[in-house]
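These are the residues of each chain, in order.
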Amino acid sequence: MSRVLIFDTNFSVKPIYDSLKEENYEVFVIGVNPNDSLCSPDYNWINTNYSNLSKCLEIIEDYKIDNIIPGGNDFSYLICSQLSEILGLDYLDGYEISKKN
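Residues numbered from 1 in each chain as written. Predicted model: local features only at pLDDT ≥ 70, side-chain atom pairs only at ≥ 80, totals over all residues. Heavy atoms only, no water.

Draft legend 1. Fine view of the nonpolar core. Membership of the largest hydrophobic core comes to 14 residues, with the highest contact counts inside it found for Leu5, Phe7, Ile30, Ile68 and Leu83. Contributing elements (two or more residues each) for this core: β1 (3-7), β2 (26-31), α2 (53-62) and α3 (74-87). Setting aside residues up to four positions removed in sequence, Phe7 forms contacts with Ile30, Tyr50, Cys56, Ile68, Ile69, Pro70, Gly71, Ser76, Ile79, Cys80 and Leu83. Counting residues in hydrophobic clusters, the runner-up holds nine residues, among them Val4, Ile6, Val13 and Tyr17. (Core = buried A, V, L, I, M, F, W, Y, C linked by side-chain atoms within 4.5 Å. Buried < 20%, exposed > 50% of the residue type's maximum accessible area, 1.4 Å probe, protein only. Helix = DSSP H or I, 4+ residues; strand = E, 2+ residues; numbered from the N terminus. Contact = heavy atoms within 4.5 Å.)

Written out as structure tokens, the structure reads:
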């Protein structure tokens, strides 16, 4: 089963989470706001500030994450674009392109 990490925990990513679960992915979410909708063990919440790239890389390795997905905000996309470059993923724009938009 492929593992996916979504970089957001608020209600706007729940449809993405649900869709991935329906396709039999093992889905995790990452963020630090305990008041967000997906901040619960039920959603495989990883209570970490995703602005910390080195910590994110540790998590990706420790949890054996296959794919990363930005959530519903620009910052999560920028972080994922940086991680994408580091990890050699080709399905997200690179950081330089992302920060121009």
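More follows now that the structure is in view.
Draft legend 2. Region of interest: the environment of Leu83. Topologically, Leu83 is positioned in helix α3. Residue classification places Leu83 among the buried residues on the basis of a relative accessible area of 0%. Remark: the alpha-carbon pair of Leu83 and Ile68, spanning 15 residues in sequence, is separated by 8.6 Å. Among residues more than four places away in sequence, those in contact with Leu83 are Phe7, Leu53, Cys56, Leu57, Ile60 and Ile68.

Draft legend 3. View of α3. Taking 1.5 Å as the rise per residue, α3 with 14 residues should run 20 Å; its terminal C-alpha atoms sit 20 Å apart, in good agreement. Here α3 has its buried residues at Ser76, Ile79, Cys80, Ser81, Leu83 and Ser84. Where α3 begins, the capping side chain belongs to Asn73, and its oxygen is found 3.1 Å from the backbone nitrogen of Phe75. With its phi angle positive at about 75 degrees, Gly88 sits one or two positions after the end of α3. (Expected span 1.5 Å × (residues − 1). Polar contact = N/O pair within 3.5 Å; in protein donor to acceptor, adjacent residues only side chain to side chain.)

Draft legend 4. The arrangement of the packing of aromatic side chains in detail. Under the criterion given, the structure shown has four aromatic pairs. When the ring of Phe7 is compared with that of Tyr50, the centres are 5.7 Å apart and the planes differ by 75 degrees; the resulting orientation is edge-to-face. With a gap of 43 residues between them, Phe7 in strand β1 and Tyr50 in the loop between β3 (45-47) and α2 connect regions that are remote in the sequence. Overall, the relative accessible area of 11% leaves Tyr50 in the buried class. Here the aromatic residues Phe7, Tyr50 and Phe75 are joined through ring pairs into a cluster of three or more. (Phe/Tyr/Trp six-rings, centres within 6.5 Å; stacked < 30°, edge-to-face > 60°.)

Draft legend 5. Summary view of the sheet that holds strand β4 (residues 67-70). The four strands lie next to each other as β3-β2-β1-β4, forming an open sheet whose pairing is parallel. In the strand order of this sheet, the two ends are held by β3 and β4, each with one partner. Neighbour-to-neighbour, the strand axes of the sheet open up by a mean angle of 25 degrees, direction not taken into account. Examined bridge by bridge, β1 and β4 share four bridges and lie parallel to one another. By the bridge assignment for β4, Ile6 is matched with Ile69. Against the sheet, α2 makes contact with β1, β2, β3 and β4, and its axis sits at roughly 155 degrees relative to β1, the strand it touches most. (Pairing = 2+ DSSP bridges. Axes fitted to C-alpha atoms, helices over the stretch in contact; angles between N-to-C directions.)

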